[in-house]
Amino acid sequence: YWSEGRQRLETALYLIPKREATVTRARALIAAGDLAYYQDDYGKARSFLEEGMKLCSDLGLEREFAVALGNLGALTSMQGDAVTAFSLLKQSEQLCRAMNSTWELAYLLRKLAQLAINKGDAREAVEYAQESLTLAKRLGDASLIATILSTLGVILPSVLNMVAIREASTSLLASVRLSCA
């Protein structure tokens, strides 16, 4: 359905002249960018999202702008630019918090958790994921909850490894103390 949806959005975008700055066009650009992202067509996704963000900014569409910004952050992360991705996701997070956009915030926090675990910060990853899960549970969104639990499944081995390392180092230190006594 992604291919069909994207094809229809691209056809609609082709039929709506670029000079027509409408809410419909802005939303179609963001949706097309999202679908292109999920189809691994990152160049097209970036193009759609950036055009959509500009249009949203021009039209004062804050929620749509925040969504596009977060999607661009996720895309940038997939392209390996963690620093820029983090910045985009944090900007989107701030906007979503200000607008009380709970679903979008839960999504962004999950993406931030993924970035944190990729950079080796398990503690930060758990914090983002826990807040994300709390929000998803409040919404009752089973699909989002499942996605966040999947992310936690990736994070937990790192956390458990940290605990094991801490326990091993404590044990080693105790052994050294005993041997020195």
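Just so we're clear, the structure is a prediction, and the values are computed from it rather than from any experiment.

Cut-offs used in this document
Residues numbered from 1 in each chain as written. Predicted model: local features only at pLDDT ≥ 70, side-chain atom pairs only at ≥ 80, totals over all residues. Heavy atoms only, no water. Core = buried A, V, L, I, M, F, W, Y, C linked by side-chain atoms within 4.5 Å. Buried < 20%, exposed > 50% of the residue type's maximum accessible area, 1.4 Å probe, protein only. Helix = DSSP H or I, 4+ residues; strand = E, 2+ residues; numbered from the N terminus. Contact = heavy atoms within 4.5 Å. Phe/Tyr/Trp six-rings, centres within 6.5 Å; stacked < 30°, edge-to-face > 60°.

Q: Give me the nonpolar core: which residues, what numbers.
A: If you look at the biggest cluster of nonpolar residues, it comprises 51 residues, and the most contacted ones within it are Leu75 and Ile155. At the level of secondary structure, the elements contributing two or more residues to this core comprise α1 (2-15), α2 (23-38), α3 (42-59), α4 (62-78), α5 (82-99), α6 (102-118), α7 (122-139) and α8 (142-180). The element contributing the most residues to this core is α6, with 10 residues. Residues within four places of leucine 75 in sequence aside, it is in contact with Tyr37, Tyr42, Ala45, Arg46 and Leu49.

Q: Tell me what's going on with the packing of aromatic side chains, and back it up with residues and numbers.
A: Summed over the entire model, instances satisfying the criterion amount to three aromatic pairs. Between tyrosine 37 and tyrosine 42 the ring centres are 6.1 Å apart and the planes differ by 35 degrees, which places this aromatic pair in the tilted class. Each member of the pair, tyrosine 37 as well as tyrosine 42, carries the same accessibility label: buried. Look at tryptophan 103 and tyrosine 107: their rings are 5.8 Å apart centre to centre, the planes differ by 10 degrees, and that puts the pair in the stacked class. Residue tryptophan 103 and its partner tyrosine 107 are located together in helix α6, separated by four residues, close to a single helical turn. With relative accessibility at 37%, the residue tryptophan 103 sits in the partly exposed group. On the accessibility criterion, tyrosine 107 (10% relative accessible area) is buried.

Q: Help me get a handle on unusual backbone geometry, residues and values and all.
A: A positive phi angle is found at aspartate 40, which is not glycine, with a value near 65 degrees. Tracing the backbone through its elements, the reader meets aspartate 40 in the loop between α2 and α3. Residue classification places aspartate 40 among the exposed residues on the basis of a relative accessible area of 55%. Backbone geometry at asparagine 100 places phi at a positive 55 degrees, although glycine is not the residue there. Looking at the element boundaries, asparagine 100 is found in the loop between α5 and α6. Here asparagine 100 falls in the exposed class, since its relative accessible area comes to 67%.

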